[in-house]
Amino acid sequence: MKTLKINPAETGFDIDGVVADTMASFINIAKQDYGIHNIVKEQITSYWLEECLPIPDEIIEKIIARILTDPFGTGLKPNPGAVETLTAVGQEHTLVFVTARPVREPICRWLEQTLSEVQPERINVIATGEHSAKVSVLKKLGIKYFVEDHLATCLEIHKAGINAIVFDQPWNRNDPDSLWRVKGWKELGALMKAA
Ligand SMILES: [Mg+2]
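No experiment lies behind these values; they were computed from the predicted model shown. (Residues numbered from 1 in each chain as written. Predicted model: local features only at pLDDT ≥ 70, side-chain atom pairs only at ≥ 80, totals over all residues. Heavy atoms only, no water.)

1. As for the pattern of salt bridges
Test applied: Here, a salt bridge means any Lys or Arg side-chain nitrogen found within 4 Å of an Asp or Glu carboxyl oxygen. Secondary structure follows DSSP: runs of H or I at least 4 residues long count as helices, runs of E at least 2 residues long count as strands, and numbering of each begins at the N terminus. Partly exposed describes any residue whose relative accessible area lies between the buried limit of under 20% and the exposed limit of over 50%, with all areas from a 1.4 Å probe on protein chains only and scaled to the type maximum.
A full pass over the atoms with the stated rule returns ten salt bridges. For Asp14, the salt bridge is made with Lys134, and the minimal N-O distance between the two is 3.1 Å. Residue Asp14 is located in the loop between strand 1 (11–13) and helix 1 (22–34), and its partner Lys134 is located in helix 6 (residues 134–141); the two are separated by 120 residues in the primary sequence. Residue classification places Lys134 among the buried residues on the basis of a relative accessible area of 1%. Among the ionic pairs, Lys183 bridges to Asp168, the shortest N-O distance being 3.7 Å.

Here it is, written out as structure tokens:
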């Protein structure tokens, strides 16, 4: 197995599914607002929720729209260890977040509040509006390592010569290409320290 070292100065991060536990937020809203109680995270075996969850498409769309516009109101929480690791890296480097979200402001405010010990000037958020735009944004920014939970995007990034690091989630385990993978923020933090 390859030992991976990640230079934090050249690293970018996806937000949903990596920094943010977006699927937990999704499951909570399904419960609270729509009375759907039988969903667990392990059921989400596809990035595309309508492929793996027994929830009508229009409800999925409504929940996602709420998560996109109102991270605080939907109770979006960081994944375990994300705040500790990003706070440590953010003392020395600008944190670069590249998301496919179409709107930047709500998630930017969420990050600034969640990473309250990082100076806001050190938090750079780019919202591309689509997954396929990530590669060109990362190239422009000189990002060499990108942590992402969407397998198809990881593959595009990898093909473009950027080190894609799959953030392990139930929906990205079907990876025939065996890309680099981290199990969580503790591991990621250790790899960035090793650089
Ligand atoms: Mg994501």
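Anyway, onward from the coordinates.
2. So, the nonpolar core
Convention followed: Here, the term nonpolar core denotes a set of buried Ala, Val, Leu, Ile, Met, Phe, Trp, Tyr and Cys residues that are joined through side-chain atoms within 4.5 Å. Contact between two residues is taken to exist if any of their heavy atoms lie within 4.5 Å; hydrogens are not considered.
Counting 30 residues, the largest nonpolar core has Phe13, Val19, Phe97, Leu111 and Trp185 as the members making the most contacts within it. Among the secondary structure elements, those contributing two or more residues to this core are helix 4 (82–90), strand 2 (95–99), helix 5 (105–114), strand 3 (123–127), strand 4 (145–148), strand 5 (163–167) and helix 8 (185–193). Residue contacts for Leu111: discarding those within four places in its chain leaves Ile15, Val19, Phe97, Ile123 and Val125. Of all hydrophobic cores here, the second largest spans 17 residues; its members include Ile27, Ile59, Ile60 and Ile67.

3. Considering the packing of aromatic side chains
Using the following cut-off: Stacked, tilted and edge-to-face are the three classes applied to pairs of Phe, Tyr and Trp rings, where Trp contributes its six-membered ring and a pair requires centres within 6.5 Å; stacked means planes under 30 degrees apart, edge-to-face means over 60, and tilted covers the rest.
What the rule picks out here adds up to four aromatic pairs. Residues Phe13 and Phe97 carry aromatic rings whose centres are separated by 5.9 Å and whose planes lie at 40 degrees to one another, so their mutual orientation is tilted. With Phe13 in strand 1 and Phe97 in strand 2, this residue pair connects regions lying 84 residues apart in the sequence. Classification of Phe13 as buried rests on a relative accessible area of 1%. Taking the relative accessible area as the measure of exposure, Phe97 reaches 0% and is therefore buried. Note on Phe167 and Trp185: the rings are 6.0 Å apart at their centroids and 50 degrees apart in plane angle, and the pair reads as tilted. Separated by 18 residues along the polypeptide, Phe167 in strand 5 and Trp185 in helix 8 bring together distant segments of the chain. Counting every residue linked through ring pairs, the aromatic cluster contains Phe13, Phe97, Phe167 and Trp185.

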